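Single-letter residue listing:
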Amino acid sequence: MRIAHLALAGAMALTPLAPLSLINTAQAQQRAPESFAPLARELLPAVVNISTTKNVAPRSGRPNAPEMPQLPPGSPFEEFFRDFFNRNRPPGQGQGEGPQQRQRRAQSLGSGFIIDAQEGIVVTNNHVIDGADEINVILQDKTSIRAELVGTDPRTDIAVLRIKHDKPLAAVAFGNSDQSEVGDWVIAIGNPFGFGGTVTAGIVSARGRDIGQGLYDDFIQTDASINQGNSGGPLFNMRGQVIGINTAIVSPSGVSAGLGFAIPSSMASRVVAQLRDAGRVRRGWIGVNIQSVTDDIAEALRLPAGTRGALIANAQADGPAAKAGIRSGDVIIRFNGVAVPEMRALPRIVADNTVGGSVPVVIWRDGKEETVTVTLGELPAEQRQAGAPAAPPGPGPVELTGLGLRVAAITDELRQRFNLKPEQRGVVIVEVTPGTPAAERELRPGDVIVEVQQQRVATPSEVQEQIERLRRQNRNVGLFAVENAGGQRFVPLRLNARGNAPG
């Protein structure tokens, strides 16, 4: 399977998606109409085609040789033309060789929709206009207007444009995607592969989909047919309100397989508002690295049944969370009154809060809830990784019985053997026994234990003491904070009876 964005580059012409009209009857929302034509007819004028042009590096080859045409991803002709042009290179000339050719201009097409007729505000995907030297918006009547780029947000793949036009424009409005339910009827209108205004209908197949595109994945999944060229166009509910921006598909072939994904309007409308006002998006940030709370971790931390949240793997020393007293091993379970149902929800919840505002954060620490107040910073352009605070080395190596680990204090020899950073502190794993709890959790020699059950450890004896303390409390699972080149994570380990190896 592959995930593909929906902008179409190349010779095939496209026109955008069209929206649907405001029908405010509950009956229309609950039932499929006999025809979608009235909705499509009313909102088509508000949907536009986005045409972009950019200068690209010349292709190598003979000075006047024809160039390989640009084709939609997944086209059956793509491989044919590539083979043809490779075979027809002059002898001895490989790819990337040949005389200089003049710079050429490449064109690509996508979709968009007008949300403010008076101001000429158009919404589309960032990937539709990314890198463009020229952006044109084509209306339903084929009028082409040069567009001004107002702002982009690559993190959510949203862009806002502005056009100026003498005659009145049509516009559509955002609806509330949070009110959409799985099974609701939706309509997509667009120009897949350049085949004119195409109307497709389906249902909301799922909500809150994470397709691995970024921190803010929260897509609406639909089986309404969307394809290459639909990018940036609207997904409508039966009231004609935009509840999503069609952005990606999952398909083995690059064409619709009934798995389309749209950015929900609940997110898009906030991003668009900030882009209109300031040309950029400011997101709340607290400076933490987080991981999921597994069943074993929940048991180790004695979390109440059904509670998960986001486990703090690292709190950056200069970040808002650390300044508020949040530390590694805490679990954020509510943020500014909003429950955190799982780890991946936290970045979206934090981002939705105002930079500079102070918010209450409920954490789970030492077997009970605590509330701290965090003053939000602004999400940096690139998130930083938090490092571990310094701790003095101690003696080793030591066998951690029942866990399948041999650990040692960090010495110059071990620092060099495992390529550890000069500032690395903790207790280094020097051996992992196959078939033991440590091996099952994919611990490796060179990993460094920095905490046991949220207590800092600097020597092998301190690790042993913490393990024995847990066993005396009849605890079945211990929580180990482990660092390696990939960062810090928490690893729950079953604590077998003292001296017993697992069977």
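In this text the structure is predicted, and so the values were computed from the model without any measurement. (Residues numbered from 1 in each chain as written. Predicted model: local features only at pLDDT ≥ 70, side-chain atom pairs only at ≥ 80, totals over all residues. Heavy atoms only, no water.)

A. Representation of the overall build of the chain in the model. Of regular secondary structure, the chain possesses 11 helices and 30 strands. Within the chain, the fraction of its 503 residues that count as buried is 50%. Sequence separation of at least 24 residues holds for 66% of the intrachain contacts in the chain that already meet a minimum separation of 6. Accessible area of the chain: about 23,400 Å², with a carbon and sulfur share of 48%. (Helix = DSSP H or I, 4+ residues; strand = E, 2+ residues; numbered from the N terminus. Buried < 20%, exposed > 50% of the residue type's maximum accessible area, 1.4 Å probe, protein only. Contact = heavy atoms within 4.5 Å. Areas by Shrake-Rupley, 256 points an atom, 1.4 Å probe, with all protein chains shown as cover.)

B. Layout of the pairing of strand β30 (residues 487-494). Bridge count for strand β29 (residues 477-484) against β30 is eight bridges, and the pairing is antiparallel. Within β30, the position partnered with Ala481 by the bridge is Phe490. Turn length for the β29-β30 hairpin, with the two strands adjacent in sequence and antiparallel, is two residues. (Pairing = 2+ DSSP bridges.)

C. Up close: unusual backbone geometry. At Lys142, a residue that is not glycine, the phi angle is positive and equals roughly 80°. Residue position: Lys142 is located in the loop between β6 (134-138) and β7 (144-146). Backbone geometry at Asp366 places phi at a positive 55°, although glycine is not the residue there. Relative to the helices and strands, Asp366 resides in the loop between β21 (358-365) and β22 (368-375). Given a relative accessible area of 46%, Asp366 falls into the partly exposed group.

D. Geometry of the pairing of strand β15 (residues 260-264). When you tally the buried positions in β15, you get five out of five residues, the bulk of the element. Note that strand β12 (residues 219-222) and β15 share three bridges and pair antiparallel. Bridging from a neighbouring strand, Thr222 pairs with Gly260 of β15. Both strand β14 (residues 242-251) and β15 contribute to a ladder of five bridges, which runs antiparallel. Across the sheet, the residue bridging to Ala248 is Phe261, located in β15.

E. Representation of the nonpolar core in the model. In this structure, Phe113, Val123, Ile158, Val172, Ile245 and Ile263 are the most contacted members of the largest nonpolar core, which totals 29 residues. Those elements giving two or more residues to this core turn out to be β4 (104-116), β5 (121-124), β9 (158-162), β14, β15 and α5 (265-278). Residue contributions to this core peak at five residues, all from α5. With near-sequence residues (within four places) excluded, Val123 lies in contact with Gly112, Phe113, Ile115, Ile158, Ala159, Gly232, Ile245 and Val272. By size, the runner-up hydrophobic cluster in this structure holds 25 residues, among which are Ile297, Val448, Val477 and Ala481. (Core = buried A, V, L, I, M, F, W, Y, C linked by side-chain atoms within 4.5 Å.)

F. Broad picture of the pattern of salt bridges. Taken as a whole and judged by the stated rule, the model has 25 salt bridges. Between Asp116 and Arg276 there is a salt bridge, with the nearest N and O atoms lying 2.9 Å from each other. Here Asp116 is found in strand β4, whereas its partner Arg276 is found in helix α5, with 160 residues between them in sequence. Under the relative-accessibility criterion, Arg276 is labelled partly exposed at 32%. (Salt bridge = Lys/Arg side-chain N within 4 Å of Asp/Glu carboxyl O.)

G. Representation of the environment of Glu483 in the model. By the element assignment, Glu483 lies in strand β29. With relative accessibility at 8%, the residue Glu483 sits in the buried group. Residues Glu483 and Arg425, 58 residues apart in the sequence, show an inter-C-alpha distance of 9.6 Å. At 2.8 Å, the side chain of Glu483 and the side chain of Gln424 are in polar contact. (Polar contact = N/O pair within 3.5 Å; in protein donor to acceptor, adjacent residues only side chain to side chain.)

H. Layout of the side chain of Ser180. Relative to the assigned elements, Ser180 resides in the loop between β9 and β10 (185-190). Ser180 gets classed as buried once you look at its relative accessible area, which sits at 7%. Beyond its immediate stretch of four places on either side in the chain, Ser180 contacts Arg207 and Ile243.

I. Up close: helix α11 (residues 460-472). A rise of 1.5 Å per residue sets the reference length of α11, with its 13 residues, at 18 Å; its end C-alpha atoms lie 19 Å apart and thus fit the reference within 8%. Within α11, the full set of buried residues consists of Pro460, Val463, Gln466, Ile467, Leu470 and Arg471. Down the axis, α11 shows its buried residues gathered within 140° of arc, on one side only. Opposite the buried face of α11, at more than 90 degrees from it, the exposed residues are Glu465 and Arg472. Against β24 (398-400), β25 (405-409), β26 (427-432), β27 (448-452), β28 (455-456) and β29 lie the buried residues of α11. One or two steps after α11, the chain reaches Asn474, where phi turns positive at roughly 60°. (Expected span 1.5 Å × (residues − 1). Arc of directions from axis to C-beta.)

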